[in-house]
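Residues per chain are reported as follows:
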Amino acid sequence: LFRDNIIFNQFGLGFSIYGSAAAFLKNFSLQGNIHFNDEFVVGGKGPAENIELIENYVYKYGARLWFGKTLNKNLTLTRNFFPALTQIFWWDRIQATGNTFYRRDNAGASLEIRLPDGGKPSDYFFDQNTFINGPSNPSQMVMSEATTNYRETFTFATWRQKLGFDLNGQNLVYPDRHPVEPHVFVRRNFFEPDRAHIVIYNWRHGESVDVDIS
């Protein structure tokens, strides 16, 4: 269990859940961590299994949920905030609910998924997630599978129509693709209940941001 940590400005990798081919990456739970200005990596040369990310907040770099090409098992993503490219490669099961996916550098899709050999999108569950984009660049999600040379780019509409994902999700479109209002999160510290971490994404560089700490 990794909970309520603040990690930033490391030399390349800030959060690295890694193992060699002889190591096992099983039953890792990452909850309420704040991570920015370096890479967030989960994966090794051997399979990862039963990994969950709950209410984590990253910035500048997204989450890289893979390392070597190996069959990973059972990934759960719940209420995370990913304002950069998020890569999820070679997992047999994914359950993703309540997350936000946003590519703030405007360089392409905010979510890239690679199916394991023979894998199917029907093995995954995505719902109640939020996607942020702009009218001139609506493509958000890329999915591929190597053995059949399958690769498809989805808009939010085709993500729902073709895959049945995020029927209760939302797609927020801004003229320049960047949110107008700041995103603010207040998370009570599990270990010290009278303390909290406040995360502010001040997209428009306002001189001040209102925070409700009630």
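Caption draft 1: Region of interest: the pairing of strand E18 (residues 141-145). A large share of E18 lies buried, amounting to 5 of its 5 residues. Taking every second residue as pointing to the same face, both faces of E18 are buried, with Met141, Met143 and Glu145 on one and Val142 and Ser144 on the other. Bridge count between strand E15 (residues 111-114) and E18: 4 bridges; the pairing is parallel. Counterpart to isoleucine 113 in the pairing with E18 is methionine 143. By the bridge criterion, 5 bridges tie E18 to strand E19 (residues 150-154) in an arrangement that is antiparallel. When the sheet's bridge partners are listed, methionine 141 is paired in E19 with phenylalanine 154. The hairpin turn running from E18 into E19, its antiparallel successor, is 4 residues long, and asparagine 149 in that turn takes a positive phi close to 60 degrees.

Caption draft 2: Local environment of the packing of aromatic side chains. Overall, the coordinates contain 25 aromatic pairs when judged by the stated rule. On the basis of an interplanar angle of 75 degrees and a centroid distance of 5.0 Å, the ring pair of tyrosine 18 and phenylalanine 67 is categorised as edge-to-face. Here tyrosine 18 is found in the loop between strand E3 (13-17) and strand E4 (25-31), whereas its partner phenylalanine 67 is found in the loop between strand E9 (63-65) and strand E10 (73-78), with 49 residues between them in sequence. Here the aromatic rings of phenylalanine 89 and tryptophan 90 are separated by 5.3 Å at their centres, their planes lie at 65 degrees, and the arrangement is edge-to-face. Its relative accessible area of 10% is what places tryptophan 90 among the buried residues.

Caption draft 3: Representation of the environment of phenylalanine 67 in the model. On the basis of relative accessible area, phenylalanine 67 is assigned to the partly exposed category, the value being 30%. With 23 residues separating them in the primary sequence, phenylalanine 67 and tryptophan 90 have C-alpha atoms 9.7 Å apart.

Reading guide: rules and limits
- Residues numbered from 1 in each chain as written.
- Predicted model: local features only at pLDDT ≥ 70, side-chain atom pairs only at ≥ 80, totals over all residues.
- Heavy atoms only, no water.
- Buried < 20%, exposed > 50% of the residue type's maximum accessible area, 1.4 Å probe, protein only.
- Helix = DSSP H or I, 4+ residues; strand = E, 2+ residues; numbered from the N terminus.
- Pairing = 2+ DSSP bridges.
- Phe/Tyr/Trp six-rings, centres within 6.5 Å; stacked < 30°, edge-to-face > 60°.

Don't take any of this as a statement about function, it's just geometry.
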